[in-house]
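The residues making up each chain are set out below.
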Amino acid sequence: MGSELSAGLRSWRTRRRVSQLELAIRARTTQRHVSFIESGRSAPGREMVIRLAESLQVPLRERNALLLAGGYAPAYDETPYDAPGLEAVRTALAAILEGHRPYPAVVVDRIGNLVLANHAFEVLTAGVAEHLLTAPVNLPRLLLDPAGLAPRIVNFAQWSWHVIDALTREAAQYPSPSSDALIQELIAVIPPRPAPDHLGFAVPLQLRSPDGDLHLVTTLTRFGTAIDVTVSELRMEAFLPADEPTARALRGLDRTMLQRV
């Protein structure tokens, strides 16, 4: 049990590219103590495990796993999203998403599965194959699958790798076999990586629509002080207009959609 904790902490320190000395300073301990913990020569107390994990920005789910490996009870609850205890969170998220209209916005979990979306998101999903809209709906798959938005994305070669790179960074921060499998699945259906001069982080989404091409940029938002595993793994992604014609088109599409309701 102790060796599993030692290996886990050492792995996270390596993943975060932090030296033992830097970790010791962050966690308010000594390099010698960190070295002894990682070698299994010292068994850290529960508080020290939490301090080390927090100093390494270990996700809450994995912090619980480290605590269990050390023989301690988990410190963070994992409440089902639809449980009464998260009603206030659900209400707040719904209000935030509604506030983004007429611009599409969604809330997804750690592997990109859709948790909540505003009505404007239907502007993006028009014409998508039904099986991609059947729960669990995965946003990256919805974007890149040939039966999803892929045929409507003008700059698909660039945008697809923008998505893959974002997923890869996410997987580095929040490792999961499901994330790794999703990345490999999507790499298999997209074009080869473009030339090195592609726009990287700045790639906009250029999407065909009945009102002309939409130019969209995305924003990501997380809960910064969550102490529940479920809440900590949620993130909101908003698709915002990159120019006035796109803003105008989204307002028009939103009005049209409301008229159909």
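Bear in mind that the values here come from a model prediction, so they are computed numbers and not experimental data.

What counts and what doesn't
- Residues numbered from 1 in each chain as written.
- Predicted model: local features only at pLDDT ≥ 70, side-chain atom pairs only at ≥ 80, totals over all residues.
- Heavy atoms only, no water.
- Salt bridge = Lys/Arg side-chain N within 4 Å of Asp/Glu carboxyl O.
- Buried < 20%, exposed > 50% of the residue type's maximum accessible area, 1.4 Å probe, protein only.
- Helix = DSSP H or I, 4+ residues; strand = E, 2+ residues; numbered from the N terminus.
- Pairing = 2+ DSSP bridges.
- Axes fitted to C-alpha atoms, helices over the stretch in contact; angles between N-to-C directions.
- Core = buried A, V, L, I, M, F, W, Y, C linked by side-chain atoms within 4.5 Å.
- Contact = heavy atoms within 4.5 Å.
- Expected span 1.5 Å × (residues − 1).
- Arc of directions from axis to C-beta.
- Parallel < 35°, antiparallel > 145°, perpendicular 65-115°, else oblique.
- Left-handed = near helix turned anticlockwise from the far one by under 90°.
- Nonpolar A, V, L, I, M, F, W, Y, C, P; charged D, E, K, R; others polar.

**Q** I'd like to hear about the pattern of salt bridges, residue by residue, with values.
**A** Enumeration according to the criterion identifies 14 salt bridges in this entry. Arg101 is paired through a salt bridge with Glu98; the nearest N and O atoms lie 3.0 Å apart. Classification of Glu98 as partly exposed rests on a relative accessible area of 39%. A salt bridge links Arg248 to Glu244, with the shortest nitrogen-to-oxygen separation between them at 3.8 Å. Taken together, the residues Arg248 and Glu244, both in helix 12 (residues 244–260) and four residues apart, mark about one turn of the helix. Residue class for Arg248 comes out partly exposed when judged on its relative accessible area of 47%.

**Q** Account for the sheet that holds strand 2 (residues 114–117), naming residues and giving values.
**A** Pairing is antiparallel in the open sheet, where five strands are placed in the order 2-1-5-4-3. Each edge of the open sheet is held by one strand with a lone partner, namely strand 2 and strand 3 (205–207). Pairwise comparison of adjacent strand axes, ignoring direction, gives a mean angle of 30° for this sheet. Pairing of strand 1 (residues 105–108) with strand 2, which is carried by three bridges, proceeds in the antiparallel orientation. For Val107, the partnering residue across the bridge sits in strand 2 and is Leu116.

**Q** Can you lay out the nonpolar core for me, pointing to particular residues and giving the numbers?
**A** Burial of nonpolar side chains together is a common tendency in soluble globular proteins. Core analysis: the largest hydrophobic core is formed by 35 residues, its most contacted members being Leu142, Leu144, Leu149, Trp159, Ile164 and Leu214. Broken down by secondary-structure element, the contributors of at least two residues to this core are strand 1, helix 7 (122–125), helix 8 (139–144), helix 9 (156–173), helix 10 (177–187), strand 3, strand 4 (214–222) and helix 12. With seven residues, helix 9 is the single largest residue contributor to this core. Each residue touching Leu149, except ones within four places of it in the same chain, is listed here: Leu124, Thr125, Val128, Leu142, Leu143 and Leu207. Membership of the second largest hydrophobic core comes to 18 residues, among which are Trp12, Ala27, Leu52 and Ala53.

**Q** So what's going on with helix 6 (residues 87–100)? Residues and values would help.
**A** Counted at 1.5 Å a residue, the expected span for helix 6 with its 14 residues is 20 Å, and the 20 Å between its end C-alpha atoms agrees. Inspection of helix 6 places Val89, Leu93 and Leu97 among the buried residues, and these make up the whole buried set. Projected onto a plane normal to the axis of helix 6, the buried residues spread over an arc of 65° and lie on a single side. Turned more than 90 degrees away from the buried face of helix 6 sit Ala88, Thr91, Ala95 and Gly99, all of them exposed. In this structure, the buried residues of helix 6 make contact with strand 1, strand 2, helix 11 (229–232) and strand 5 (235–241).

**Q** Describe the packing of helix 2 (residues 20–27) against helix 3 (residues 31–39), listing the residues and the values that go with them.
**A** Orientation of helix 2 relative to helix 3, taken along the N-to-C sense of each, is 110°, at an axis distance of 8 Å. Comparing the axis directions of helix 2 and helix 3 gives the class roughly perpendicular. Between helix 2 and helix 3 lies a crossing of right-handed hand. On helix 3, the residues touching Gln20, Leu21, Leu23 and Ala24 of helix 2 are Gln31, Val34, Ser35 and Glu38. Here the residues of the contact of helix 2 with helix 3 are counted per class, giving four nonpolar, three polar and one charged.

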